[in-house]
Amino acid sequence: MGVGPACHEGHPELPDFSRDPDWCPEHTWPQARALKADNECFPAQVARTYWACRSLRGGLARSPQSCSGQDAETEARRPSAACKRSVVGQDPDSKAVPFPCTALPANLRTAWDTRWGWGKKATYSSSPLPAPPPPPEKCSSRRFDSGCLWAGLASLQVPPSCSIVRALHHHKLGNAVRPSLQQGLQQAFLHSLASYRIFQKAAPFDRRATSLAWHPTHPSTLAVGSKGGDIMLWNFGIKDKPTFIKGIGAGGSITGLKFNPLDTNQFFTSSMEGTTRLQDFKGNTLRVFTSSGTCNFWFCSLDVSARSRMVVTGDNVGHVILLNMDGRELWNLRMHKKKVTHVALNPCCDWFLATASVDQTVKIWDLRQVRGKSSFLHSLPHSHPVNAACFSPDGAQLLTTDQKSELRVYSASQWDCPPSLIPHPHRHFQHLTPIKATWHPRYNLIVVGRYPDPNFKSCTPHELRTIDVFDGHSGKMMYQLYDPESSGIISLNEFNPMGDTLASVMGYHILIWSQEEAGMRT
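Residues numbered from 1 in each chain as written. Predicted model: local features only at pLDDT ≥ 70, side-chain atom pairs only at ≥ 80, totals over all residues. Heavy atoms only, no water.

S.K.: Explanation requested: the overall build of the chain in the structure shown.
M.R.: Counting its secondary structure elements, the chain contains 8 helices and 30 strands. The buried share of the chain, taken over its 522 residues, is 52%. Summarising the internal contacts of the chain: among those between residues at least 6 apart in sequence, 55% fall at separations of at least 24. Carbon and sulfur atoms make up 51% of the accessible area of the chain, which amounts to about 24,300 Å² in all. (Helix = DSSP H or I, 4+ residues; strand = E, 2+ residues; numbered from the N terminus. Buried < 20%, exposed > 50% of the residue type's maximum accessible area, 1.4 Å probe, protein only. Contact = heavy atoms within 4.5 Å. Areas by Shrake-Rupley, 256 points an atom, 1.4 Å probe, with all protein chains shown as cover.)

Shown next as structure tokens:
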């Protein structure tokens, strides 16, 4: 989707920076006005970056102290401190067109300076940063994406050489976002949680829900499995009736559920029926990957890699099975002494596998070097059985959830170092879907349901069954979601790939959380 008007050569038109008071007036390139006067075509990428930021900043002209109100608009339209650069030697009375010289990396800026004959004249210097304004108050609407984004960024101590334009440019080139910018975006998201409400609720099963998975490309579509083997595909953004696949009933519990990354009209399941299979939403079984043939053995978890075209699954006696997507078994080894509760492939290095078990260990494996049960890279002992082990979206951390009162965060590059420990009550019993902590897909945040325990050290009287959000670095509690009309134990929580909608499993119920304004529009 294009942004900004186009010039006669089809490139984005050179913006009239002189009419844009909040586009960093400190930045000036005197030749820009002459360039436009000569009807020359401005470098396309710079212009596109400008118009993109203008469209983004269309909703940013809001007070850094508040996410609503117009009385502080002047304050909000001040230029970003991140762009405090100037051209040395510029006449202070010059009426040259303001231009953000930090919008581009130094190598590209130098090349374009040379192209337009500016290479010998421009020298850059940095100005000190002013003190940041106080953090923003909570946001009350979906418009957080503009207003609160500005408020979060305004509260940062960003280095003088950094700007949101530069960060966007580097992100476009595939480079990592500067940590300070990422932290600001995360802070803005946390402020938005105050406006999250349950705006959709469903109870389609006659037994409790046991698994859920978001569609990888449709942010309002998810699949949910139940203890009776039923599966529902639900697009809560439309009023059509959800797709429902009837299970076998008792003994058919869906223990793992993943969309097929190669064809999202299909999905993989592992179940207590004793199979791992590929199905479509018409109820057809397309391929059976594993089948125990007996009720004494069943499969408890699965994961899928699109890049390597692999399926991995674990069973109730400690075996882990690796297969390709054609159904050919690559190996079947007993890697744990007891049930494998969770298997997870690293999203960045899919030959890196984590397995969790009720034998109180999590093990790390290199799939290229697996020779037997002793060929693990690392074994991470826990004090209690482990429900889940999940890699962070960037693959750099591993989050584990035990069956008692502890979350752990390991660094993927330092397995031997003590993990970060997060005390948290989420005890386990037979008739409750196991509580599993998950990562937010875009920020370093952990999401997990709370099951208050009177024996827990910091338990308070009448403690609520909340959804807790922790910072993945510090382990600090950042927010708690709660709805008094849905006060049961929430076992599973996952944000959609966009990171703006949360699905929760509470017994028989599926809850969809989003910002209040979004719920009103649905």
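S.K.: I keep staring at the sheet that holds strand 19 (residues 378–381) and nothing clicks. Help me out?
M.R.: Strand pairs in the sheet, formed through backbone hydrogen bonds, run parallel or antiparallel to each other. Pairing within the open sheet is antiparallel, and its 4 strands lie in the order 16-17-18-19. In this open sheet, the two strands that pair with only one neighbour each are strand 16 (340–345) and strand 19. The sheet shows a mean angle of 15° between the axes of neighbouring strands, taken without regard to direction. Note that strand 16 and strand 17 (residues 352–357) share 5 bridges and pair antiparallel. Bridge pairing in strand 17 places Leu345 opposite Leu353. (Pairing = 2+ DSSP bridges. Axes fitted to C-alpha atoms, helices over the stretch in contact; angles between N-to-C directions.)

S.K.: Where do I start with the environment of Gln403 in this structure?
M.R.: As for its position among the elements, Gln403 is in the loop between strand 21 (397–402) and strand 22 (406–411). C-alpha of Gln403 to C-alpha of Gln360: the two residues are 43 residues apart in sequence and 9.5 Å apart in space. If we ignore the near neighbours within four places in the chain, the residues touching Gln403 are Val358, His384, Pro385, Asn387, His426, Arg427 and His428. In terms of polar contacts, Gln403 uses its side chain to reach the side chain of Asn387, at 2.9 Å. (Polar contact = N/O pair within 3.5 Å; in protein donor to acceptor, adjacent residues only side chain to side chain.)

S.K.: Help me out: how do you make sense of the pattern of salt bridges in this one?
M.R.: Two side chains that carry opposite charge are able to pair once their charged atoms sit near each other. On inspection of all chains with the given rule, the structure shows 10 salt bridges. In this structure, Asp303 and Lys258 form a salt bridge, with 3.8 Å as the shortest nitrogen-oxygen distance. Linking Asp303 in strand 12 (residues 299–305) with Lys258 in strand 8 (residues 254–259), this pair joins segments that are 45 residues apart in sequence. The buried category is assigned to Asp303, whose relative accessible area is 10%. Across the pair Asp468 and Arg450 runs a salt bridge, and its minimum N-O distance is 2.7 Å. Here Asp468, found in strand 26 (residues 467–471), pairs with Arg450, found in the loop between strand 25 (445–449) and strand 26; they are 18 residues apart in sequence, far enough to count as distant. Taking the relative accessible area as the measure of exposure, Arg450 reaches 8% and is therefore buried. One salt-bridge network, held together by shared partners, links Lys404, Arg427 and Asp453. (Salt bridge = Lys/Arg side-chain N within 4 Å of Asp/Glu carboxyl O.)

S.K.: Any chance you could explain the sheet that holds strand 5 (residues 221–226) here in plain terms?
M.R.: Sheet architecture is open: 4 strands sit in the order 4-5-6-7, paired in antiparallel fashion. Both edges of this open sheet fall to strand 4 (209–214) and strand 7 (243–245), since each of them pairs with a single strand only. Looking at each pair of strands side by side, their axes are set apart by 15° on average, direction ignored. Taken together, the 3 bridges between strand 6 (residues 231–235) and strand 7 define a ladder with antiparallel strand orientation. Counterpart to Met232 in the pairing with strand 7 is Phe244.

S.K.: Can you walk me through helix 7 (residues 179–192) in this structure?
M.R.: For the α-helix, the turn length of 3.6 residues means that residues three or four positions removed from each other point alike. Between its first and last C-alpha atoms helix 7 spans 20 Å; for 14 residues at 1.5 Å apiece the expected length is 20 Å, and the two agree. Within helix 7, burial applies to Ser180, Leu181, Gly184, Gln186, Ala188, Phe189, Leu190, His191 and Ser192. (Expected span 1.5 Å × (residues − 1).)

S.K.: Which parts of the structure should I look at to understand the nonpolar core?
M.R.: Buried together is how nonpolar side chains tend to be arranged in soluble globular proteins. One finds Phe189, Tyr196, Ile467, Leu502 and Trp513 to be the most contacted residues of the largest nonpolar core, which totals 17 residues. For this core, the elements supplying multiple residues, two or more each, are helix 7, strand 3 (196–202), strand 25, strand 26, strand 29 (502–506) and strand 30 (509–515). Phe205, Met232, Leu492 and Val505 belong to the second-largest nonpolar core, a separate cluster that totals 16 residues. (Core = buried A, V, L, I, M, F, W, Y, C linked by side-chain atoms within 4.5 Å.)

S.K.: Explain the pairing of strand 12 to me, please; I cannot follow it from the model alone.
M.R.: One face of the sheet, then the other: side chains in a regular strand alternate in exactly this way. Burial analysis of strand 12 places 7 of its 7 residues in the buried class, the great majority of the element. In this sheet, strand 13 (residues 310–315) lies alongside strand 12 in antiparallel orientation, the contact comprising 6 bridges. Across the sheet, residue Leu302 finds its bridge partner in strand 13, namely Thr313. Taking the residues between adjacent antiparallel strands as the criterion, strand 12 and strand 13 are bridged by 4 residues, where Arg309 takes a positive phi near 55°.

S.K.: What am I meant to see in the packing of aromatic side chains here?
M.R.: The geometry of an aromatic ring pair comes down to the distance between the two centres and the angle between the two planes. Applying the stated rule across the entire model yields 16 aromatic pairs. The interplanar angle of 35° and the centroid separation of 6.0 Å between the aromatic rings of Phe259 and Phe281 together place this pair among those described as tilted. Here Phe259, found in strand 8, pairs with Phe281, found in the loop between strand 10 (275–280) and strand 11 (285–291); they are 22 residues apart in sequence, far enough to count as distant. Here Phe259 and Phe281 have matching classes, each one buried. The ring of Trp351 carries Arg368 above its face, with NZ or CZ at 3.8 Å from the centroid. (Phe/Tyr/Trp six-rings, centres within 6.5 Å; stacked < 30°, edge-to-face > 60°. Lys NZ or Arg CZ within 6 Å of the ring centre and 35° of its normal.)

S.K.: Any chance you could explain the environment of Asp471 here in plain terms?
M.R.: Among the secondary structure elements, Asp471 is positioned in strand 26. Beyond its immediate chain neighbours, meaning those up to four positions away, Asp471 contacts Gln186, Asn444, Leu445, Lys476 and Met478. Only 2.9 Å separates the side chain of Asp471 from the backbone nitrogen of Ser474, close enough to count as a polar contact.

S.K.: Just checking my understanding: could you explain the side chain of Thr438 for this structure?
M.R.: With respect to the secondary-structure elements, Thr438 resides in strand 24 (residues 438–439). Exposure remark for Thr438: the relative accessible area of 13% places this residue in the buried category. Separated by 2.7 Å, the side chain of Thr438 and the backbone oxygen of Asn493 make a polar contact. The contact partners of Thr438, leaving out residues within four places of it in the chain, are Leu399, Leu445, Ile446, Val447, Asn493 and Glu494.

S.K.: Help me understand unusual backbone geometry, please; the structure alone is not making it clear to me.
M.R.: Working note: non-glycine residues mostly have negative phi, and peptide bonds are mostly trans. A positive phi angle, close to 55°, is found at Arg309, a residue other than glycine. The topology assignment puts Arg309 in the loop between strand 12 and strand 13. Look at Gln360: it is not a glycine, yet its phi comes out positive at around 70°. Along the chain, Gln360 turns up in the loop between strand 17 and strand 18 (361–366). Since its relative accessible area comes to 32%, Gln360 is described here as partly exposed.

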